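# Results of the structural survey
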Amino acid sequence: MRYRRNREPGGCYFFTVVTAGRRPWLGRASHVECLRAAFRSVRARHTFRIEAMVVLPDHLHTLWTLPAGDMDYSRRWRLIKTYMSRRIEDVKPLWQPRFWEHTIRDADDFARHMDYIHYNPVRHGLVAAPSQWPHSSFARCVRTGRYAADWGQTPPDLPSDIGRG
């Protein structure tokens, strides 16, 4: 089966990436640190901006903006997954094949996906508020004024069609 992906040069994309068999290996701090190193390594060679991100035990969601003229997010994901697979020996396989992506259409779509990312640990019952989850860009977004520190203590209105994870 051939997957058709939307590609927009310089676009902003929402991604869901899931662990193989939904095993919760991303719940280990050392594996999250390896993931951070993978992102740093790939971004050093193939730049992109991480607008938001959350890492849960069995999946992650992230929003990326690619540089103008660039639409090769698949290469970046391949490199990130490969980096991890070469360094984590105690779990095999690490990832489900492929990933789910959505091209962000406008400012409202961006905001809805940003909210979805940051509320996801609460939605999965891992914490009572987004500020309590350590593997998220929520604190950065509070520092930049995007969110109040207490955002998400009341459930936001999130569409059911976001995420797939």
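Heads up: the structure comes first, above all this text.
First, a word on what this report is: a plain description of the structure on this page. (Residues numbered from 1 in each chain as written. Predicted model: local features only at pLDDT ≥ 70, side-chain atom pairs only at ≥ 80, totals over all residues. Heavy atoms only, no water.)

## Quick look at the sheet that holds strand E3 (residues 59–65)
Judged by pairing direction, the sheet is antiparallel, and its four strands sit side by side in the order E2-E3-E1-E4 without closing on themselves. Among the strands making up the open sheet, the edge pair consists of strand E2 (49–55) and strand E4 (100–103). Neighbour-to-neighbour, the strand axes of this sheet turn through a mean angle of 15°, independent of strand direction. Two strands pair when backbone bridges link them, and strand E1 (residues 12–18) and E3 are joined in this way by seven bridges, in the antiparallel orientation. Looking at E3, one finds that Cys12 is bridged to Thr65. Running at roughly 165° to E2, helix H1 (residues 29–45) makes contact with E2 and E3 of the sheet. The strands touched by helix H2 (residues 73–87) are E1, E3 and E4; relative to E3, the strand with the most contacts, the crossing angle is about 140°. (Pairing = 2+ DSSP bridges. Helix = DSSP H or I, 4+ residues; strand = E, 2+ residues; numbered from the N terminus. Axes fitted to C-alpha atoms, helices over the stretch in contact; angles between N-to-C directions. Contact = heavy atoms within 4.5 Å.)

## What to know about the side chain of Lys81
Structurally, Lys81 can be placed in helix H2. Looking at Lys81, its side chain comes within polar contact range of the main-chain oxygen of Arg98, at 2.6 Å. (Polar contact = N/O pair within 3.5 Å; in protein donor to acceptor, adjacent residues only side chain to side chain.)

## A short note on the packing of H1 against H2
Two elements in contact, H1 and H2, have axes separated by 9 Å at closest approach and are oriented at 135°. Between H1 and H2, the angle falls in the class oblique. The handedness of the crossing between H1 and H2 is right-handed. The residues of H2 that touch H1, namely those facing His31, Cys34, Leu35, Ala37, Ala38, Phe39, Ser41 and Val42, are Arg76, Trp77, Leu79, Ile80, Tyr83, Met84 and Arg87. By residue class, the composition of the contact of H1 with H2 is 11 nonpolar, two polar and two charged. (Parallel < 35°, antiparallel > 145°, perpendicular 65-115°, else oblique. Left-handed = near helix turned anticlockwise from the far one by under 90°. Nonpolar A, V, L, I, M, F, W, Y, C, P; charged D, E, K, R; others polar.)

## Description of unusual backbone geometry
For the bond running from Lys92 to Pro93, omega is -15°, close enough to zero to count as cis. Looking at the secondary structure, you find Pro93 in the loop between H2 and E4. The residue Arg22 is not glycine, and still its phi comes out positive at about 55°. Relative to the helices and strands, Arg22 resides in the loop between E1 and H1. Although it is not a glycine, Arg98 adopts a positive phi angle of roughly 65°. Arg98 gets classed as partly exposed once you look at its relative accessible area, which sits at 44%. (Buried < 20%, exposed > 50% of the residue type's maximum accessible area, 1.4 Å probe, protein only.)

## Considering helix H3 (residues 107–123)
Between its first and last C-alpha, H3 extends 23 Å over 17 residues, near the 24 Å set by a 1.5 Å rise per residue. Along H3, the sharpest kink reaches roughly 35°, centred on Ile117 and followed within four residues by the proline Pro121. The complete set of buried residues in H3 reads Asp109, Phe110, His113, Met114, Tyr116, Ile117, His118, Tyr119, Asn120, Pro121 and Val122. The opening residue of H3 is Asp106, an N-cap whose side-chain oxygen sits 3.2 Å from the backbone nitrogen of Asp108. Note on H3: the residue one or two positions beyond its end, Gly125, has a positive phi of about 75°. (Expected span 1.5 Å × (residues − 1). Bend = angle between axes of the 7 residues up to and from the residue.)

## What about the pattern of salt bridges?
All told, the structure shown has eight salt bridges when counted by the stated rule. Put simply, Asp70 and Arg76 hold a salt bridge, and the shortest N to O gap is 2.5 Å. Across the pair, exposure class does not vary: Asp70 and Arg76 are buried alike. (Salt bridge = Lys/Arg side-chain N within 4 Å of Asp/Glu carboxyl O.)

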